[in-house]
Amino acid sequence: MRKMACILLTGAALTTFGCATAPAPVYITEAQQVTTLALEPVNLVSDELTKDITGKWAKQLSADSVDAIMTSVKAQIANTKRFTKVIENSLDGKSYIIEPRIESLSNYETPMPTDPNRKQLTFKARVRLDVKFMNQKGQIELVKSFSDMRTLDKKVSSKFPVPPEKKAELYTEVIDVAFTAAANMLGYAFNPSYEMGKVTSLNGQTANIMIATSKIKVMPKGQLESNDGFVVIDDSNKVIASISELVIGDGSVTGKVYSRGGASIKEGAKVRVRVNSLKE
């Protein structure tokens, strides 16, 4: 994850020191040994962020800042390595959607008794990333939100007012750090998890599988029947067959087995299902 650099602005009107720092990324290691891709592509959508910036926060930020913030958030989401691809403003079929939002912005001044020629400016930003899911019917529902608040302190000259464009730059800086932290939390929550089961019986291509189904039942069927969704693996974690045409029951699943590379599938074979639900 990119680290924020401290910025030194010099000049007669403004001298600033200090920077806001983002936390180091921390991801769980549950799925490190599983030889699969990250989750499916995610769509990053800017509509609500644009409304925030051009509406509620129009005095603090310029409309031009939408593109810069979206570019930064896109890079931060990609850096989590939880998704195969981050697609901006392009909704197509069943997919996860991430919408950046700015919840609050504020700043205030504090005198510095030990240095009458300077004062401290404090900028605060609370942001969030709304994760939504769009099903094959185009219906969208909120899955979970990840929010973070960051503070940025700057020491400036007390003799000159801070120009609005400089304030906008400092707001953008603290917003960027807050979104970096929120993306880190989202990446942690989206770390892939898996349910494991086994083939209990085979009748031609039809397999009966014993597996916990509480999470599987609430997943979109398209995700379960993707190339890397419901699969049979060998002892080295290599995928040797996929399973589709699923019928999901309580603690068991029936489906058609399609072997890969001529692998032989037998009773007792290990079955793995990638569960894409967010961790609570």
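Note: the structure precedes this text.
Keep in mind that this is a model prediction, so the values were computed, not measured.

Reading the values: rules and limits
Residues numbered from 1 in each chain as written. Predicted model: local features only at pLDDT ≥ 70, side-chain atom pairs only at ≥ 80, totals over all residues. Heavy atoms only, no water. Helix = DSSP H or I, 4+ residues; strand = E, 2+ residues; numbered from the N terminus. Buried < 20%, exposed > 50% of the residue type's maximum accessible area, 1.4 Å probe, protein only. Areas by Shrake-Rupley, 256 points an atom, 1.4 Å probe, with all protein chains shown as cover. Pairing = 2+ DSSP bridges. Axes fitted to C-alpha atoms, helices over the stretch in contact; angles between N-to-C directions. Parallel < 35°, antiparallel > 145°, perpendicular 65-115°, else oblique. Left-handed = near helix turned anticlockwise from the far one by under 90°. Contact = heavy atoms within 4.5 Å. Nonpolar A, V, L, I, M, F, W, Y, C, P; charged D, E, K, R; others polar. Phe/Tyr/Trp six-rings, centres within 6.5 Å; stacked < 30°, edge-to-face > 60°. Arc of directions from axis to C-beta. Salt bridge = Lys/Arg side-chain N within 4 Å of Asp/Glu carboxyl O. Core = buried A, V, L, I, M, F, W, Y, C linked by side-chain atoms within 4.5 Å.

Draft legend 1. Fine view of the overall build of the chain. For the chain, the count of helices and strands is four helices and eleven strands. The buried share among the 280 residues of the chain stands at 44%. A total accessible area of about 14100 Å² is found for the chain, and carbon and sulfur atoms account for 51% of it.

Draft legend 2. Quick peek at the pairing of strand β10 (residues 252-259). Sheet analysis places strand β7 (residues 206-210) next to β10, joined by five bridges and oriented antiparallel. Counterpart to Met-210 in the pairing with β10 is Ser-252. Between strand β9 (residues 239-248) and β10, which follow one another and run antiparallel, lie three residues, and Gly-251 among them has a positive phi close to 80 degrees.

Draft legend 3. Expanded view of the packing of helix α1 (residues 47-56) against helix α2 (residues 65-79). In contact at an axis separation of 10 Å, α1 and α2 are set at 140 degrees when each is read in the N-to-C sense. Compared by their axis directions, α1 and α2 come out oblique. The two elements α1 and α2 meet at a crossing, and its hand is right-handed. Only Ser-65, Val-66, Ile-69 and Met-70 of α2 make contact with α1, whose side of the interface consists of Leu-49, Thr-50 and Ile-53. Grouping the constituent residues of the contact of α1 with α2 by class yields five nonpolar, two polar and no charged.

Draft legend 4. Quick peek at the packing of aromatic side chains. One pass over the full model with this rule turns up one aromatic pair. The interplanar angle of 90 degrees and the centroid separation of 5.0 Å between the aromatic rings of Phe-123 and Tyr-171 together place this pair among those described as edge-to-face. Of the two residues, Phe-123 sits in strand β4 (residues 118-134) while Tyr-171 sits in helix α3 (residues 164-189), which places them 48 residues apart along the sequence. What makes Phe-123 buried here is its relative accessible area of 0%.

Draft legend 5. Structural context of α1. Those residues of α1 lying buried are Leu-49, Asp-52 and Ile-53. Down the axis of α1, the smallest arc covering the buried residues is 85 degrees, so these residues share one side.

Draft legend 6. Main features of unusual backbone geometry. For Glu-245, which is not glycine, the phi torsion reads 55 degrees and is therefore positive. Tracing the backbone through its elements, the reader meets Glu-245 in strand β9. Residue Glu-245 is classed as partly exposed on the basis of its relative accessible area, which comes to 44%.

Draft legend 7. Spatial organisation of the pattern of salt bridges. One pass over the structure, following the stated rule, counts 13 salt bridges. In this structure, Lys-51 engages Glu-48 in a salt bridge whose closest nitrogen and oxygen atoms are separated by 3.5 Å. Taken together, the positions of Lys-51 and Glu-48, both in helix α1 and three residues apart, correspond to about one turn of that helix. The closest approach of N and O atoms between Glu-173 and Lys-154, which form a salt bridge, is 4.0 Å. A residue pair is termed long-range when its members are at least 10 positions apart, and Glu-173 in helix α3 and Lys-154 in strand β5 (residues 140-157) qualify at 19 residues. The exposure class assigned to Glu-173 is buried, which follows from its relative accessible area of 6%. By relative accessible area, which is 0% here, Lys-154 ends up buried. Salt bridges linked by common partners bring Glu-48, Lys-51, Asp-52 and Arg-101 together as one network.

Draft legend 8. Expanded view of the nonpolar core. Ranked by size, the top nonpolar core spans 39 residues in total, and within it Ile-77, Ile-98, Ile-102, Leu-129, Ile-175 and Leu-186 carry the most contacts. When residues of this core are traced back to their parent elements, those giving at least two are β1 (42-44), α1, α2, β3 (95-111), β4, β5 and α3. A total of ten residues in this core trace back to one element, the largest contributor, which is α3. Contact partners of Ile-77, with chain neighbours within four places excluded, come to Val-42, Phe-83, Val-86, Ile-98, Leu-129, Ala-183 and Leu-186. Counting 20 residues, the second largest nonpolar core, distinct from the first, contains Ile-216, Leu-224, Val-232 and Ile-243.

Bear in mind that shape data such as this cannot, by itself, settle questions of function.
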